Amino acid sequence: MKRFNIYEEANRCLLCQDAPCTKACPTGDPARALRAIRFDNHKPALRFVADCTDADLEAAERACIHYNPPISIRDIIHAISPDDVDDAHYPDLAIDFCGIRCENPFFLASSAVCTNYEMVARAFDAGWAGVFYKTICLQEIREVSPRFDAVHSNGIHGDFYGFRNMEQLSENPVDMDFDILHRLKQNYPTKVVIASIMGQTEEQWIELAEMAERAGVDAVELNFSCPQMRLSGMGSDVGQSPELVAIYTTYVKRHVHIPVIPKMTPNITNIFQPALAAYLSGADAISAINTIKSVTMAPDAEVSGHRTVSGYSGRAVKPIALRHILEMTKEHVFSNTHFSGIGGIETWRDALEFIQLGCRNVQVCTAVMQYGYRIIDDLILGLRRYMVKRGVTDLADLVGERIPIFTNAGSLDRDSVVFPKIDRERCVGCGRCELSCNDGGHQAIVFDRATRQPRIVGTKCVGCHLCRIVCPAGAIDLAKRIPKKDAR
């Protein structure tokens, strides 16, 4: 019997606003359950439909407005085994960040997701711990249209894996933005309000930082990283120069008493150098990364027939962001420095990876633009449940725990091998493993076309695991690590 993939089916869900499936279900919230599955909380999803009968779930399916066949809600729910984690004693997620208590590690990143009071207030009400407010500057900001583009699979709309933007900084008058920050801190005293600023001269950096402090914010982030500023000497032009990072950080530190958090650019060969300059200049914490300079070619993203290089984000950039975080946190000089991680964070597991590499909070932008502030529910739920499973009661205990497993390429074990093994019950006989191994690997898989079964040829297999990665059924696993026959 072929396995029913709940994630594959739930990922077809349109994640509707005012979901018809839930409106049609009198005893539960199928839409919330599907969203939990989509954001990596499949077992806790059962709590949202605990009282639903099959008739209720079937009614929800009939109400589904998907343009393809309705989501198989009943089959999804029946395929989930009961949760093995007791939710009665979930730990809280409070953590200290450069002397500021945060109720959880989830922040809005400085971007289009936090451009006015109403937006941030709704995010706070939803459960976000804080905001790095959209960057404030003294220059006139005039945006282009359109200014967003996305990279997704052909014919699939809405669910993109890469996102490009040409947006710059806040278009609001400077006094308006600082008034917004002041009101946010007054009305939400337990939330963390951080002003992101960008100057073009020493005087501008000082003026903006002092205005931020007078507004009552908790900290100030120095945007040394925006990749698409129309004026030179701003954004990533600064972040690529350790000298300028040091100068501006020093000036700001001398004139304010709140924590100062330089934001690093990924558009550089070695992020360690500007980060070190920030640290030596007195930075209280470091945030990274901003978007990656990129080009997309979709005609409908052109601006009056022209295009430009601009910032790339979304889940596709997460491995690059993690690499930059690691390049800083692995260095002993930063052992007491706090980090805020940014780049491709969509699920609680994404956030956990940044935390395990040394970040004490994470900032989210693209996923909020795609799915809304509501994803905070599953970010919090998943991380708390993970801590229970691990027996961890203090989130700080997870910070940096995976750094020691990283080493240089020359130190990796090259005398042993892990062979792949095929799970016959899960294999559907598609033959993708043979195709990839033949054309991109070591010709170590034979595919019997009569039985539609693959077989691994041990004398040819080198344990590269291309077959496991391309298998669409998840039918190839890891065997035990063993010494290589030629190991000396």
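Anything mentioned here points back to the structure above.
Overview of the structure. Owing to the predicted nature of the structure, the values given are computational and were not obtained by experimental measurement.

Attention shifts here to the pairing of strand β13 (residues 338-342). Judged by how many residues are buried, β13 sits mostly within the fold: five of five residues are covered. Here β13 shows no split at all, with H338, S340 and I342 on one side and F339 and G341 on the other all buried. Strand direction decides the pairing type here: strand β10 (residues 285-288) and β13, joined by four bridges, are parallel. Within the sheet, the bridge partner assigned to A285 lies in β13 and is H338. When β13 meets strand β14 (residues 359-364), the two strands line up parallel, connected through four bridges. Counterpart to F339 in the pairing with β14 is C359. Taken together, β13, helix α13 (residues 348-356) and β14 constitute a β-α-β crossover, and its handedness is right-handed.

Moving on to the pairing of strand β15 (residues 416-422). Burial within β15 is extensive, with five of its seven residues counted as buried. Bridge analysis of β15 against strand β18 (residues 476-483) gives six bridges, and the strand direction is antiparallel. Bridge assignment links P420 to a residue of β18, and that residue is L478.

Here we take up the packing of aromatic side chains. Two descriptors summarise a pair of aromatic rings, namely the distance from one centre to the other and the angle between the planes of the rings. The full count for this structure, using the stated rule, is eleven aromatic pairs. When the ring of W205 is compared with that of F224, the centres are 5.2 Å apart and the planes differ by 65°; the resulting orientation is edge-to-face. Residue W205 is found in helix α8 (residues 202-214), and its partner F224 is found in the loop between β8 (219-223) and α9 (236-239); the two are separated by 19 residues along the sequence. Ring centres 5.8 Å apart and planes at 85° place the aromatic pair F334 and F339 in the edge-to-face group. Note on F334: relative accessible area 2%, which makes it buried. The exposure class assigned to F339 is buried, which follows from its relative accessible area of 1%. Following the ring pairs from residue to residue traces out a cluster consisting of F272, Y279, F334 and F339. Looking at R38, its charged tip hangs above the ring of F39, at a distance of 5.0 Å from the centre.

Within the secondary structure, D177 is located in helix α7 (residues 174-187). The side chain of D177 is buried and forms no salt bridge, while K134, the nearest opposite charge, is found at 8.8 Å. Among the polar contacts made by the side chain of D177, one reaches the side chain of Y133 at a distance of 2.8 Å. Apart from residues no more than four positions distant in its own chain, D177 is found in contact with T115, Y133, I136, S170 and N172.

This next bit is on a nonpolar patch on the surface. Taken together, the side chains of L14, I65 and Y67 define a hydrophobic patch exposed on the protein surface, amounting to about 340 Å² of accessible area. Within the secondary structure, Y67 is located in the loop between α4 (54-63) and α5 (73-78).

Rules and cut-offs
Per chain, the residues get numbers from 1 upward, laid out in the order the sequence is written. Whole-chain, interface and lining totals are the exception, using all residues; otherwise, since this is a predicted model, local features are given only for residues with pLDDT of at least 70 and side-chain atom pairs are given and counted only at 80 or more. Side-chain calculation: all heavy atoms of the structure are included, whereas hydrogens and water are not. Buried residues are those whose accessible area, probed at 1.4 Å on protein chains only, stays under 20% of the maximum for their type, while exposed residues exceed 50% and partly exposed ones sit between those limits. Each helix corresponds to a stretch of at least 4 residues labelled H or I by DSSP, and each strand to a stretch of at least 2 residues labelled E; elements are numbered beginning at the N terminus. Two strands qualify as a pair provided DSSP detects at least 2 bridges between them. With the strands pointing away from the viewer, any crossover whose connection runs clockwise from the first strand over the helix to the second is right-handed. Each Phe, Tyr or Trp ring (for Trp, its six-membered ring) is paired with any other whose centre lies within 6.5 Å, and the angle between the two planes then decides the class: stacked below 30 degrees, edge-to-face above 60, tilted in between. We call a charge positioned over a ring when the NZ of a Lys or the CZ of an Arg lies within 6 Å of the ring centre and within 35 degrees of the ring normal. The sign given to each residue is positive for Lys and Arg and negative for Asp and Glu; His and the chain ends receive no count. One speaks of a salt bridge when a side-chain nitrogen belonging to Lys or Arg is within 4 Å of a carboxyl oxygen belonging to Asp or Glu. Pairs of N or O atoms within 3.5 Å make up the polar contacts considered here, provided that, within protein, one atom can donate a hydrogen while the other can accept it, and that residues adjacent in sequence are counted only when both atoms are side-chain atoms. Between two residues, a contact is recorded if the distance between any of their heavy atoms is within 4.5 Å. Within this analysis, patches are made of residues with over 30% relative accessible area and no salt bridge. Like charges are joined at 9 Å or less; nonpolar side chains (Val, Leu, Ile, Met, Phe, Trp, Tyr) at 5 Å or less. All accessible-area figures derive from a Shrake-Rupley calculation using a 1.4 Å probe, and residue coverage is judged against the displayed protein chains alone.

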